[in-house]
Amino acid sequence: MLSRWIAPRHAPQHLLRGITVAYGSQSNNKSNSYLSAGVAALLALSISIGTAKTAKCDDSPPAAPAMVTVDNKVFVNTGNGSGAWVLDKNAPVGIKIFTGNSNKPLAQDIANHLGIGLGKITVNSFADGEVNVVVNENIRGKDVYLIQPTCPPVNETLMELLLMISTMRRASARKITAVIPYYGYARQDRKMQARVPISAADVARLLEAMGVDRVVAVDLHCGQIQGFFGPRVPVDNLDGGTVGVTYFGNLDLVNPVIVSPDAGGVYRAKQFREALSKKHDVDCGLAMIIKQRAKANEIERMDLVGSVKGCDAIIVDDMVDTAGTLCKAAEVLKEFGARRVFAFASHGVFSGPAPTRIANSVLTELVVLDTVPLSEASLATGKITQLSVGPLLAQAIYNIHNKKSLSALFK
């Protein structure tokens, strides 16, 4: 409830008129701390202002609203006889950020941008390999965000995520949001032959069964994965290409052409091209490679639709796994007269021979996001640049927590 407080007689009354402080019951120690801290801070501020104006003291109210930050909250005196504690953008209240072992640097980056610390949690394994999860702080009634890309080792990181969600649900968290920058099993999104699972849908059902309330992902392999979750679990698929657009917009490109490595990625390449043109006034062409696969991770032949002669080509894809497709596409573009060949992918998985292939390829530079940690072999290639998606995810978490639009992030 709201309650008025009376300042001591020596305080300038005209500066303290109409200020109210929000607090709860007397048994709520945290709310009482806000009350006492807020009163003390406002009183100190008012006395200092009053002392500076002793030569001219009238009944006019203060010219500007007073703001005092205490314990991750801001008290705002609106100047019309009321005030309240509101959420501080730099230190959101009620948010808890936790992470497993898949990508701790990214989780720390997100927490730093939000102005809060990572939650206290232990995620390790028993001697027999079973995953052990222990939350070491109170999360009752909190909005919990779990930062856990299900990157290699996929089964282990996925199990960590499932058990963390279950643990948070059993510990009475108010809302659980799984932030999955890289969604493992995403490529198994349909039946390509008889007697095979649709693993991307099965992972979605597992997450729902554990009690997740919302999922945030970055550049899902296929947008239809959002439909694998029921209507009670909204899925936000963030466009990681916006980070790459900013990077390439600052490069000195010559007649750039955005290239899709397959027919399914034309829409993604078109979005990248439009964003580059809109935000950086870069006139780009569009091309597409048609590939014929002999089997999984093996390309039989490639054909080019469009022209790249004398141009800087930028291959845009959602992920790079073994890099066979990417390196072959770069060779095809060079054969068709491309001046330089760049590549951008949201997820750099770099399995098996990928680092060696990239190091020996005709690629000028490969740009990826930090949704998946880079191995030492990948860093040693000298051709891979990693950009941070932390600011984008932090802003998305802030907007979700404050019930703001996410689409505004990509305009």
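The structure under discussion appears in the preceding block.
All of these numbers come straight from a predicted model, not from anything done at the bench.

Draft legend 1. Broad picture of the packing of aromatic side chains. For the structure shown, the criterion picks out five aromatic pairs. Considering the side-chain rings of Y183 and F229, the 6.5 Å spacing of their centres and the 75 degrees angle between planes classify their relative orientation as edge-to-face. Of this pair, Y183 sits in the loop between β10 (175–180) and α5 (199–210) while F229 sits in the loop between β11 (214–218) and β12 (235–238), and the two are 46 residues apart along the sequence. Side by side, Y183 and F229 carry an identical accessibility label, which is buried. An angle of 90 degrees between the planes, with centres 5.5 Å apart, marks the rings of Y247 and F248 as edge-to-face. Look at Y247 and you get partly exposed, because its relative accessible area is 24%. One aromatic cluster in this structure is built from Y247, F248, F272, F342 and F344.

Draft legend 2. Focus on the environment of I176. For I176, the position within the fold is in strand β10. The class of I176 is buried, set by a relative accessible area of 0%. Once the C-alpha coordinates of I176 and Y145 are considered, the two residues, 31 residues apart in sequence, prove to be 6.0 Å apart. Setting aside its immediate chain neighbours within four residues, I176 contacts V144, L146, I165, M168, R169, G211, V212, D213 and R214.

Draft legend 3. Looking closely at the sheet that holds strand β9 (residues 143–147). If you walk across this open sheet you meet the five strands as β6-β9-β10-β11-β12, and the pairing is parallel. This sheet does not close on itself; its edge strands, each paired only once, are β6 (95–99) and β12. Recorded for the sheet is a direction-independent mean angle of 20 degrees between the axes of neighbouring strands. Relative to β10, β9 is paired through five bridges, and the arrangement is parallel. By the bridge assignment for β10, V144 is matched with I176. Where helix α11 (residues 390–401) meets the sheet, its contacts fall on β6, β9, β10, β11 and β12, and the angle it forms with β9 comes to roughly 160 degrees.

Draft legend 4. Inspection of α11 at higher detail. In this model α11 runs 16 Å from its N-terminal to its C-terminal C-alpha over twelve residues, within 8% of the 16 Å that 1.5 Å per residue would give. The element α11 is largely enclosed, with a buried count of ten among its twelve residues. Residues G390, L392, L393, A394, A396, I397, Y398, N399, I400 and H401 constitute the buried set of α11. A positive phi of about 60 degrees marks K403, the residue just after α11.

Draft legend 5. Expanded view of helix α7 (residues 266–280). Here α7 is 15 residues long and its end C-alpha atoms lie 21 Å apart, about the 21 Å a rise of 1.5 Å per residue gives. Looking one or two residues past α7, D281 carries a phi angle of roughly 55 degrees, positive in sign.

Draft legend 6. How the structure looks around the nonpolar core. Grouped together as the largest cluster of nonpolar side chains are 40 residues, with contacts concentrated most on F272, L393 and I397. With seven residues, α11 is the single largest residue contributor to this core. Not counting chain neighbours up to four residues away, the residues in contact with L393 comprise L106, I110, V179, P181, V216, V218 and L238. Grouped together as the second largest cluster of nonpolar side chains are 33 residues, M164, M168, I176 and V233 included.

Draft legend 7. The arrangement of the packing of helix α4 (residues 154–170) against α5 in detail. One can describe the packing of α4 onto α5 by two numbers: an axis separation of 8 Å at closest approach and a directional angle of 25 degrees. In terms of their interaxial angle, α4 and α5 are classed as roughly parallel. Seen from α4, the contacting residues are L158, L161, L162, I165, S166 and R169; seen from α5, they are V203, L206, L207 and M210. For the contact of α4 with α5, the per-class residue count stands at eight nonpolar, one polar and one charged.

Definitions and limits used
Residues numbered from 1 in each chain as written. Predicted model: local features only at pLDDT ≥ 70, side-chain atom pairs only at ≥ 80, totals over all residues. Heavy atoms only, no water. Phe/Tyr/Trp six-rings, centres within 6.5 Å; stacked < 30°, edge-to-face > 60°. Helix = DSSP H or I, 4+ residues; strand = E, 2+ residues; numbered from the N terminus. Buried < 20%, exposed > 50% of the residue type's maximum accessible area, 1.4 Å probe, protein only. Contact = heavy atoms within 4.5 Å. Pairing = 2+ DSSP bridges. Axes fitted to C-alpha atoms, helices over the stretch in contact; angles between N-to-C directions. Expected span 1.5 Å × (residues − 1). Core = buried A, V, L, I, M, F, W, Y, C linked by side-chain atoms within 4.5 Å. Parallel < 35°, antiparallel > 145°, perpendicular 65-115°, else oblique. Nonpolar A, V, L, I, M, F, W, Y, C, P; charged D, E, K, R; others polar.

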